[in-house]
Amino acid sequence: MAKEIDVRGLSCPLPVMLVKKAIDAGEVEIKVITNDSAAVSNVQRLGKNRGFRVEVDKDDDNIILLLKR
Amino acid sequence: MSGKFRPAWWVITTGAVFGVLFALLIKLGNPPNMGVCAICFLRDTAGALGLHTINKLSYIRPEIIGFILGSTIIALITREFKATGGSSPLLRFIIGIFVTIGALVFLGCPIRMLGRIAGGDWTALEGLLGLVSGIYVGTQFLKAGFNLGRMQVLPGSNGWVMPVIALGLLILFLTRPDFIVLKGTHAPLIISLIAGLILGGLANRSRFCTIGGIRDLILMADTYLLQGIAALLISAFILNLILGQFHPGRFFIAHTDFIWNFAGMFLAGLGLVMLGGCPFRQMVMSGYGNTDAGITVLGMLFGAGVAHNFKLVASPAGVPNNGKAAVIIGIIILVVLGFTNRKFDNRG
């Protein structure tokens with residue numbers, strides 16, 4: 001079960017900080033919900049640098065990132 | 001991020017173009033070591049609108065109009081223009097005022113600080129030390145849970161307020177009604193405007209931010225935005241050398257008071273981490289519909305008027321006592337906010 005982190009509406013750098021905290025806590029599958037393109041690229045960069053595969057999925061209002069080790 | 005270096009070309013390009021334009025705009029008429037300064041240019045714009053009465057520091061800076069509208073244009077093309085806001089707008093307005101006071105006690109926003117260093121003004125290094133210290137304290141508040149609350153998606157018209165204000169400023173510039181004062185030294189309108197549009201557009205894509213560069217390095221060992229800062233410093237330095245504008249050890253529109261160079265930029269650095277980006281970045285964000293950034297820019301504009309009317313602003317002669325008091329008050333208020341705005345979440 002992926003750990004879910006909702007970062008909608010949070011401004012930089014809080015989205016990345018929350019995801020980093022989850023990675024540091026040893027999570028191997030993280031689902032990030034955002035609606036901000038800056039957060040998308042920041043979280044993608046963090047995930048890739050930490051050895052995660054990052055899938056990006058969009059619906060009408062939100063962008064979902066799935067980080068898997 | 002595990003120390004891996006990946007060149008980030010968008011942000012490097014933004015920084016390099018920034019450095020080139022910084023030096024060129026000085027050559028073409030902007031004040032010495034002030035090719036671009038987000039805070040000083042807001043201050044000049046405040047004067048032009050009558051928010052303070054120092055005529056030689058009064059000019060609607062076309063660069064600022066360009067920062068906002070350049071970002072708007074790119075956001076419309078990429079379909080990323082979206083009205084958002086509601087994350088402690090009044091607090092952002094107040095923090096914007098104190099950031100401006102701090103920057104005007106130092107005499108420059110973080111971008112002008114870099115440009116001053118690239119021009120050989122070593123007193124700006126005192127400001128850099130203060131800025132980094134302020135950012136460091138800010139990151140400690142972030143780690144402890146500081147935040148200003150989540151922003152929400154707003155009705156679309158909200159997002160257009162800042163772009164329309166920017167357009168309005170351009171119309172005031174062109175029509176010159178008699179209540180507008182245009183006296184400051186400056187580069188030609190069209191060049192300043194195009195430079196602003198280019199920088200606003202580039203920064204919209206790269207998210208170039210001086211505060212973010214230092215903050216992310218301290219917080220996450222992430223060098224993405226820092227690469228832009230390095231590119232700006234290097235390109236401004238090279239262009240200054242070529243144009244005969246590199247004067248090691250000399251300073252223009254600056255002062256040598258270490259404590260207040262440090263303290264002014266400490267206040268600015270702390271406040272700007274709380275706001276999530278440097279003054280230039282706030283303008284770029286306000287261009288794509290972020291009304292929290294918009295209210296911050298208006299707070300900075302208001303703060304510039306306050307800073308001059310209350311005689312807080314430094315000059316080459318030094319920092320007035322009113323300015324020193326205001327910096328101390330500002331630091332106290334921001335530290336109180338840092339401790340009181342923790343662990344808040346208005347989700348749902």
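All figures in this text were calculated on a predicted structure; none of them were measured in a lab.

Parameters and conventions
Residue indices begin from 1 for each chain and proceed along its sequence in written order. Each chain gets a letter, beginning with A, and each ligand a number, beginning with 1, in the order they are written. Restriction of local features to residues with pLDDT of at least 70 applies here, the model being predicted, together with a cutoff of 80 or more for giving and counting side-chain atom pairs; totals for whole chains, interfaces and linings are based on all residues. To get the side-chain values, take all heavy atoms of the structure and skip hydrogens and water. Grid spacing is 1 Å over the protein atoms alone, the probe is 1.4 Å, and a cavity is where that probe fits but cannot get out, while a pocket is an open set with protein on both sides within 12 Å along at least five of seven lines and lining residues have an atom within 4 Å of a point. Grid points are joined across faces, edges and corners, and a volume is the space filled by probe spheres set on the points. We count a stretch as a helix when DSSP gives it H or I for four or more residues in a row; a strand needs E for two or more, and each element gets its number in order from the N terminus. Just so you know the grouping, Ala, Val, Leu, Ile, Met, Phe, Trp, Tyr, Cys and Pro go in nonpolar, Asp, Glu, Lys and Arg go in charged, and all remaining residues, Gly too, go in polar. A fitted line through C-alpha atoms represents every axis, and for helices the fit uses only the stretch in contact; the resulting angles, taken between N-to-C directions, go from 0 to 180 degrees. Note that the term roughly parallel is reserved for angles under 35 degrees, roughly antiparallel for angles over 145, roughly perpendicular for angles of 65 to 115, and oblique for everything else. Note on convention: the crossing is left-handed when the near helix lies turned anticlockwise from the far helix by less than a right angle, right-handed when the turn is clockwise. Note on contacts: a residue pair is in contact if any heavy atoms of the two residues lie within 4.5 Å. We call a pair of cysteine sulfur atoms a disulfide whenever their separation is within 2.5 Å. Three labels apply to residues, based on accessible area from a 1.4 Å probe with only protein chains included: buried if under 20% of the type maximum, exposed if over 50%, partly exposed otherwise in between.

Trainee: How do you make sense of empty space enclosed by the protein when you look at a structure like this?
Mentor: Any empty space left between atoms is shown by rolling a water-sized probe over those atoms. For the structure on display, the rule yields three cavities of 30 Å³ or more. Of the volumes computed, that of the largest cavity is approximately 140 Å³. What lines the largest cavity is a set of 17 residues, and nearest its centre among them are A:Cys12, A:Asn42, B:Arg215, B:Asp216 and B:Leu225. Ranked by residue count, the leading element in the lining of the largest cavity is helix H9 (residues 210-220) of chain B, at four residues. Here the lining of the largest cavity is built from residues that sort into eight nonpolar, three polar and six charged. Within this model, the second largest cavity holds a volume of roughly 60 Å³. If you go around the second largest cavity, the residues you meet are A:Ser11, A:Cys12, A:Pro13, A:Leu14, B:Leu142, B:Phe146, B:Asn147, B:Leu148, B:Val273, B:Met274 and B:Gly276. For the lining of the second largest cavity, the class distribution of residues is eight nonpolar, three polar and no charged.

Trainee: Looking at this structure, how should I read the packing of helix H3 (residues 62-77) of chain B against helix H12 (residues 279-287) of chain B?
Mentor: For any two helices packed against each other, the geometry comes down to the angle between their axes and how far apart the axes lie. Residue and element names in this part refer to chain B. The contact between H3 and H12 brings their axes to 7 Å, and the two run at 45 degrees. As judged from the angle between their axes, H3 and H12 are oblique. Classified by chirality, the crossing of H12 by H3 is right-handed. Contacts between H3 and H12 involve Ile 64, Phe 67, Ile 68, Ser 71 and Thr 72 on the former and, on the latter, Phe 280, Met 283, Val 284, Ser 286 and Gly 287.

Trainee: I would appreciate a short explanation of the state of the cysteines in the present structure.
Mentor: Chemically, a disulfide is nothing more than a covalent bond linking the sulfur atoms of two cysteines. Tallied over the full model, the rule gives one disulfide over all chains. Across a sulfur-sulfur distance of 2.4 Å, B:Cys37 and B:Cys40 are joined as a disulfide pair. Judged by the sign of its S-S torsion, about 60 degrees, the cystine formed by B:Cys37 and B:Cys40 is right-handed. Residue classification places B:Cys40 among the buried positions, given a relative accessible area of 2%. Between A:Cys12, a cysteine without a disulfide, and B:Cys209, which holds the nearest cysteine sulfur, the sulfur-to-sulfur distance is 8.4 Å.

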